[in-house]
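# Commentary on secondary and tertiary structure
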2 protein chains.
Amino acid sequence: MSSLLPPCPEPEEKIGEPQQLIQLGAAGDEPCLRADAARNRARLLDAAARLIAEHGAAGVTMEAVAAAANVGKGTVFRRFGDRTGLLMALLDHAEQKMQAAFLGGPPPLGPGAPPVERLRAFGIALLRRLAGELDLQLAAEAAADRRYAVPARRVQHSHVVLLLRQTLPHADHELLAHTLMGYLNPVLVHHLTRQCGVPMARLENGWNDLVDRITAA
Amino acid sequence: MSSLLPPCPEPEEKIGEPQQLIQLGAAGDEPCLRADAARNRARLLDAAARLIAEHGAAGVTMEAVAAAANVGKGTVFRRFGDRTGLLMALLDHAEQKMQAAFLGGPPPLGPGAPPVERLRAFGIALLRRLAGELDLQLAAEAAADRRYAVPARRVQHSHVVLLLRQTLPHADHELLAHTLMGYLNPVLVHHLTRQCGVPMARLENGWNDLVDRITAA
DNA sequence: AACTTAAGCGGACCTAGGTCCGGATCGTAA
DNA sequence: TTACGATCCGGACCTAGGTCCGCTTAAGTT
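Residues numbered from 1 in each chain as written. Chains lettered and ligands numbered in written order. Predicted model: local features only at pLDDT ≥ 70, side-chain atom pairs only at ≥ 80, totals over all residues. Heavy atoms only, no water.

## Digging into helix H9 (residues 186-195) of chain A
Applicable threshold: The buried label applies to any residue whose accessible area, calculated with a 1.4 Å probe on protein chains only, is under 20% of its type's maximum; exposed applies above 50%, and partly exposed to all values in between. For helices the rule is a DSSP run of H or I covering at least 4 residues; for strands it is a run of E covering at least 2, with both sets numbered from the N terminus onward. Throughout, a residue-residue contact means that at least one pair of heavy atoms, one from each residue, lies within 4.5 Å. Pairing of N or O atoms within 3.5 Å defines a polar contact, subject to two protein rules: one partner must be a possible hydrogen donor and the other a possible acceptor, and residues neighboring in sequence count only if both atoms are side-chain atoms.
H9(A) sits mainly inside the fold: 8 of its 10 residues count as buried. Pro186(A), Val187(A), Leu188(A), Val189(A), His190(A), His191(A), Leu192(A) and Thr193(A) are the residues of H9(A) that are buried. Tucked into the core, H9(A) has its buried residues touching helix H5 (115-132), helix H6 (134-139), helix H8 (173-183) and helix H10 (200-215) of chain A together with helix H8 (173-183) of chain B. Regarding H9(A), its N-cap is Asn185(A), as a side-chain oxygen of that residue lies 2.9 Å from the backbone nitrogen of Val187(A) further along. The first or second residue beyond H9(A) is Gly197(A), which carries a positive phi of 70°.

Have a look at this one:
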């Protein structure tokens, strides 16, 4: 069975942010904003971060962000598309740093280590990052029908597919990657850690165990 | 490592529907509605089903359902709590039928077959059911912070934990069950089948393969 | 420097989910 | 049958995300 999915017909038109360091084939044309637009964008991100730090991601409205940034509401939506877009933009820094780490950084996360070890390191790194961003990650969840089209997620998914392919020659890497990524779902992590009191250490052990089971010959 | 999670502090107060055949320990006290309330409930479910069949789940507003049922908007929310509650009520029949099948029906779904076979049958059955309900399942997705508290999901999860426990004596059944359930996530199924064109047969093979890997000694 | 135009701005406006509370109704007890 | 209280009804109302469109302005062009 092949592991190549017809690569998911590109979601028609990307609204809002260009946003990703690695576009995996998609055009990486940063539109280069007009001076005033760039200024307002920065103001908005700053205002959003401040408000969220103060009231929590769930307690901040788009109108409040606009007001705090001294900007019209329409400007927020023009720049970021929708609420999810704004929140994902706030997560973008950490995302790009992590992408750089697992695409080109030092082992065991980056190239150089055996694929299974990279897989382990990837999950642990993502779990730890998620744990520190849970509020935002939860609030930034995309609508159900776009969730798997979020660029950051696609990059992570592709990375896992790659590592699996180097480990298991004959398997449905796409589906196995979805399974692995499912374990790293922010909503699940939130549920387990915050609502069930599961300690992070157990989640991390769970990940390593899962990788072992899935990559066992 | 124990597989017993502190069973997730019951979400404070259950709004709306009592809804589940098996409450897994929670009180199963059907409140027995007043005559007019029961009549309106039936009208609402009927109207909702009709409208959704005609316009798709995403194209139906709560107000439209209320109007089609000749009932006030407040009545809808009183009875079902919120939009998600109404949609989940529409899915309840199928859910109860399936619960009955895997809790007490004939093998391989019900008791009698070896646990691994029951696990396989469970996933296949759920996948097929989801495939026929994708619109509704997608629209009925609960808010992120309640998603794992939905009664139907908890019952399914517990069932998987049970089967895993009978198969793997020493494993973190809770976490493995979450992984398996993640594969059966309606949003993922929608993404793969509708957006990527993956045929159901491949998803089913993927499930069996996943069960094998996870339950391998 | 004057002109042009694509990009951006802002806030009025729309929609749809969710809340509230005064009044109507059901079920029961006397 | 009547009286009464708990339950329910309905639609006005609130909120917050998202859209629209006439006006403004940055940034090239001659």
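Additional details are given in the paragraphs that follow.
## A word on the packing of aromatic side chains
Selection criterion: Centres within 6.5 Å are what make two rings of Phe, Tyr or Trp a pair, Trp counting through its six-membered ring; a difference in plane orientation under 30 degrees is then read as stacked, over 60 as edge-to-face, and the rest as tilted.
Across all of its chains, the model carries 4 aromatic pairs over all chains by this definition. A ring pair is formed by Phe102(A) and Phe122(A), whose centres lie 5.2 Å apart and whose planes are at 85°; its orientation type is edge-to-face. Taken together, the residues span a long stretch of sequence, with Phe102(A) in helix H4 (residues 83-104) and Phe122(A) in helix H5 at a distance of 20 residues. For the pair shown, Phe102(A) and Phe122(A) are each scored as buried. A centroid spacing of 6.0 Å and a plane angle of 45° characterise the contact between Tyr183(B) and Trp207(B), whose relative ring orientation is tilted. One end of the pair, Tyr183(B), is in helix H8; the other, Trp207(B), is in helix H10 (residues 200-215), and 24 residues separate them in sequence. You can call Tyr183(B) buried: its relative accessible area is 3%.

## Observations concerning the environment of Leu210(B)
For Leu210(B), the location among the structural elements is in helix H10. Since its relative accessible area comes to 1%, Leu210(B) is described here as buried. The spatial distance from the C-alpha of Leu210(B) to the C-alpha of Asp82(B) is 35 Å, given a sequence separation of 128 residues. Beyond its immediate sequence surroundings of up to four residues, Leu210(B) is in contact with Leu176(A), Thr179(A), Ile214(A), Leu180(B) and Tyr183(B).

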